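Close look at the chain arrangement
For reference, the chains in residue letters:
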Amino acid sequence: MKIVIVGGGTSGWMAALKFLQWARRQSKNITEIKVIESSKIGIVGAGEGSTGMFTDFIWDVVINEFGETHTDFLKETGSTLKLGIRFKDWNGLDTEYLSPIQTPFTSKNNIDFAFLHYLVEGKAHLSSDVGYLMEAGLSTIPIKETINTDNGGHSYHFDAHKVGKYFKKVALNNGVKVIDSEVLKLNRNSTNGSLKSVKLSNGETVYGDFWIDCSGFNKVLIEPMGGGWKSYSEYLPTNKAIPYVYPHNDVPKLETTAWAQNNGWMWQIPTQERLGCGYVFSDYFTNEDDALNELQKTTGRKIEPIRTINFEAGRVENFWVKNVVAVGLSSGFLEPLQATAIHTTLIQLNLLTEHQFLDNKKALLSDDIIKHYNKRISKLSDDFRDLIQIHYITKRDDTDFWKYCNDGLPKTDFVKYILEICKYRSPSIFDFDTYYGSAAWGVMSWTLAGLGLITKENAETELLTLPQKLKGDLKRAISHLEKIRNLNDSRLMTQTDFWNRIADGKLYEKSKLPVNQIDWRGFV
């Protein structure tokens, strides 16, 4: 069986490595994995964040499967650790809240009592071990290699260009083939409509049995195959991005900064060499020149944009059509907030290789299998749409953009439900559809708290009316969190020490640290 991936970049080469891992471990029928990419087509990105799914990929695939080292990954890609996101000015000027990559400590309960306790204290993020690391300026790396920790883990910030090249190197070293060309024409099977081959700009015709479209916004395969399109523009207010870079001013924190602006928000992502930045905005409320002037005024820097990226928030209606699957930006895009694109990419690849990809050409054309996959990924994308929309429901009303977000932007049905629940109590895990890769309560909790959508008064009431057993559980959970903080103060590198060790090339190898913390009940 021949697998052909159209498009390189981060998603294309991750797909190649993931399918190669699956072929080495389980598949006996995959005979070739080939990537078609064009050196004429650039990569979208100016510094990217990620989620715990990317950490799993680095360790489970790149390191454990293909023998790379953590040190080499960091060195060759210029990557740094990511503990979470710092949201500035979203709920008004001079406001701030933290969104750790880790979920609240007691988030799997019908009442997330540790989260409510720290929300009342004004620091909801302290209900996560990683939230404390962000506040205290600590990393997840122990000061000594022999120290074992259970601090919750990290994800990564990275340069998309360098990461794509690194993954490509690993893939080519392990037998993946590459063709530098562009797809000109699709040739379909006249009997069942599946994709038989593609004609390339170099004159070559490439045949394949299973195709992965990683061609980004161009949607080279999935669009002509009938993927369709479902727009989210009614519910998500931004549609342009201006990426740019500039050097570090000082030692950066191990976190993404999401800084609300007059007509959208600005990201700042620290890699080892620079800050990868960008302004995500709506052209209904400003234009590119005014957006750039606003950026320069806000940052006090002269900014040279890499390009302007136009996008429509949305997803394809059918991610999998016949023997073609769209992965990454070719399958959809919301906006850069919360790193949903790379997270969804990895969920798709994991489901395809470990669950729904079968060593049988007939099975790969099964309408029932394809229908189930499409339903599952559609649900994931729609739920992430709701997560992103929540971020724009703020107290800001100082510009037309923010007034529109509060008063004119239609709310999705689920967002309406969550906002209604928040009037009376804190939501919990049981208010969400929780499944593999979902956003759910653990992710949305930080934003609901940070924007004041869950009120301190309601949280206090819930804590006062806790059953006696849960009050005891709360005391034990708080005691455990405080114990871990005290330990981490003495056993983890500061973020400054981490940067110094990276610069000196002396960061030792470290086993993977889990992003999802152990159930709190294991400690009481």
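1. A closer look at the overall build of the protein
Of regular secondary structure, the protein possesses 15 helices and 23 strands. Here the protein has a C-alpha radius of gyration of 23 Å; the compact-globule value for 524 residues is 24 Å, and the two agree. The principal-axis extent of the C-alpha atoms belonging to the protein is close to 70 × 55 × 50 Å. Counting the 524 residues in the protein, one finds 60% classified as buried. In the protein, once contacts between residues fewer than 6 apart in sequence are set aside, the share between residues at least 24 apart is 76%. Carbon and sulfur atoms make up 48% of the accessible area of the protein, which amounts to about 21,300 Å² in all.

2. A closer look at helix H4 (residues 113-120)
For H4, the tally of buried residues reaches eight of eight residues, placing the bulk of the element in the interior. Among the residues of H4, Phe113, Ala114, Phe115, Leu116, His117, Tyr118, Leu119 and Val120 are the ones counted as buried. Where H4 is buried, its residues meet helix H12 (440-450), helix H13 (456-464) and helix H14 (468-491). Taken from the residues just after H4, Gly122 is the one with a positive phi, measuring 90°.

3. Focus on the sheet that holds strand S20 (residues 320-321)
One open sheet accounts for six strands, arranged S8-S2-S1-S12-S21-S20; its pairing is mixed. For this open sheet the edge positions go to strand S8 (177-180) and S20, each flanked by a neighbour on one side alone. Note that strand S1 (residues 2-6) and strand S2 (residues 32-37) share five bridges and pair parallel. Note on S2: the bridge partner recorded for Lys2 is Glu32.

4. What about the packing of aromatic side chains?
Counted by the stated rule, this structure contains 32 aromatic pairs. When the centroid spacing of 6.1 Å and the interplanar angle of 40° are considered together, the rings of Phe414 and Tyr417 count as tilted. Of this pair, Phe414 and Tyr417 both sit in helix H11 (residues 413-422), separated by three residues, roughly a single helical turn. What makes Phe414 partly exposed here is its relative accessible area of 25%. The exposure class of Tyr417 is partly exposed, given its relative accessible area of 36%. Among the aromatic side chains, those forming a connected cluster through ring pairs are Phe87, Trp90, Tyr97, Trp265, Trp267, Phe285, Tyr392, Phe401, Trp402 and Tyr404.

5. Examining the pairing of strand S15 (residues 256-261)
Among the six residues in S15, six count as buried, and that is most of the element. Here S15 shows two buried faces, one formed by Thr256, Ala258 and Ala260 and the other by Thr257, Trp259 and Gln261. With four bridges connecting them, strand S4 (residues 84-88) and S15 associate as parallel partners. When the bridges of S15 are listed, Phe87 appears paired with Ala258. Across five bridges, the pairing between S15 and strand S16 (residues 264-270) is antiparallel. For Ala260, the partnering residue across the bridge sits in S16 and is Trp265.

6. Quick look at empty space enclosed by the protein
Taking a probe equal in size to a water molecule and rolling it over the atoms shows the remaining empty space. Applying the stated rule across the entire model yields three cavities of 30 Å³ or more. Put simply, the largest cavity is a space of about 140 Å³. The wall of the largest cavity is formed by 16 residues, among which Gly332, Phe333, Leu334, Thr344 and Ser381 lie closest to the centre. Of all the secondary structure elements, the ones that give two or more residues to the lining of the largest cavity are strand S19 (314-315), strand S22 (332-333), helix H8 (340-356) and helix H9 (367-390). With five residues, the top contributor of residues to the lining of the largest cavity is H8. When its residues are assigned to classes, the lining of the largest cavity shows six nonpolar, nine polar and one charged.

7. Observations regarding the sheet that holds S16
Pairing is mixed in the open sheet, where seven strands are placed in the order S5-S4-S15-S16-S17-S14-S18. Each edge of the sheet is formed by a strand with only one pairing partner; in this case those strands are strand S5 (96-100) and strand S18 (309-310). Along the sheet, helix H7 (residues 288-299) makes contact with strand S14 (240-246), S15, S16 and strand S17 (275-281), crossing S14 at roughly 40°.

8. Here we look at the pattern of salt bridges
Under the criterion given, the structure shown has 24 salt bridges. Across the pair Arg274 and Asp159 runs a salt bridge whose closest N-O atoms are separated by 2.9 Å. Here Arg274 is found in the loop between S16 and S17, whereas its partner Asp159 is found in the loop between strand S7 (155-157) and helix H6 (160-173), with 115 residues between them in sequence. Judged by relative accessible area, which is 24%, Arg274 ranks as partly exposed. Within the structure, one salt-bridge network assembled from shared partners comprises Arg24, Arg25 and Glu65.

9. As for the side chain of Thr447
Relative to the assigned elements, Thr447 resides in helix H12. What makes Thr447 buried here is its relative accessible area of 0%. With residues near it in sequence (within four places) discarded, Thr447 still touches Tyr97, Gln338, Ile390 and His391.

10. Regarding unusual backbone geometry
With a phi close to 70°, Asp89 is a non-glycine residue in the positive phi region. Assignment of secondary structure puts Asp89 in the loop between S4 and S5. Assessed through its relative accessible area of 12%, Asp89 is described here as buried. With phi around 55°, Ala339 is a residue other than glycine that occupies positive phi space. Following the sequence through the fold, Ala339 ends up in the loop between S22 and H8. Looking at Ala339, the relative accessible area reads 11%, which means it is buried.

11. Some remarks on the packing of helix H1 (residues 9-25) against H6
At their nearest, the axes of H1 and H6 sit 8 Å apart, and the two run at 25° to each other. If you check the angle between H1 and H6, you find them roughly parallel. As H1 packs across H6, the resulting crossing turns out to be left-handed. Residues Gly9, Thr10, Trp13, Met14 and Leu17 of H1 lie in contact with H6, whose contacting residues are Ala160, Val163, Gly164, Phe167, Lys168, Val170, Ala171 and Leu172. When grouped by side-chain class, the residues that make up the contact of H1 with H6 number nine nonpolar, three polar and one charged.

12. Concerning the nonpolar core
Counting 147 residues, the largest nonpolar core has Phe54, Ile58, Trp90, Phe167 and Ile212 as its most contacted members. Among the elements that line this core, the one with the most residues is H1, at nine residues. One finds Ile242, Tyr244, Trp259 and Leu295 within the second-largest nonpolar core, a separate group that totals 13 residues.

Reading guide: rules and limits
- Residues numbered from 1 in each chain as written.
- Predicted model: local features only at pLDDT ≥ 70, side-chain atom pairs only at ≥ 80, totals over all residues.
- Heavy atoms only, no water.
- Helix = DSSP H or I, 4+ residues; strand = E, 2+ residues; numbered from the N terminus.
- Rg over C-alpha atoms; globule rule 2.2 N^0.38 Å.
- Buried < 20%, exposed > 50% of the residue type's maximum accessible area, 1.4 Å probe, protein only.
- Contact = heavy atoms within 4.5 Å.
- Areas by Shrake-Rupley, 256 points an atom, 1.4 Å probe, with all protein chains shown as cover.
- Pairing = 2+ DSSP bridges.
- Phe/Tyr/Trp six-rings, centres within 6.5 Å; stacked < 30°, edge-to-face > 60°.
- 1 Å grid on protein atoms, 1.4 Å probe; cavity = no way out; pocket = protein on both sides within 12 Å on 5 of 7 lines; lining within 4 Å.
- Points joined across faces, edges and corners; volume = space filled by probe spheres on them.
- Nonpolar A, V, L, I, M, F, W, Y, C, P; charged D, E, K, R; others polar.
- Axes fitted to C-alpha atoms, helices over the stretch in contact; angles between N-to-C directions.
- Salt bridge = Lys/Arg side-chain N within 4 Å of Asp/Glu carboxyl O.
- Parallel < 35°, antiparallel > 145°, perpendicular 65-115°, else oblique.
- Left-handed = near helix turned anticlockwise from the far one by under 90°.
- Core = buried A, V, L, I, M, F, W, Y, C linked by side-chain atoms within 4.5 Å.

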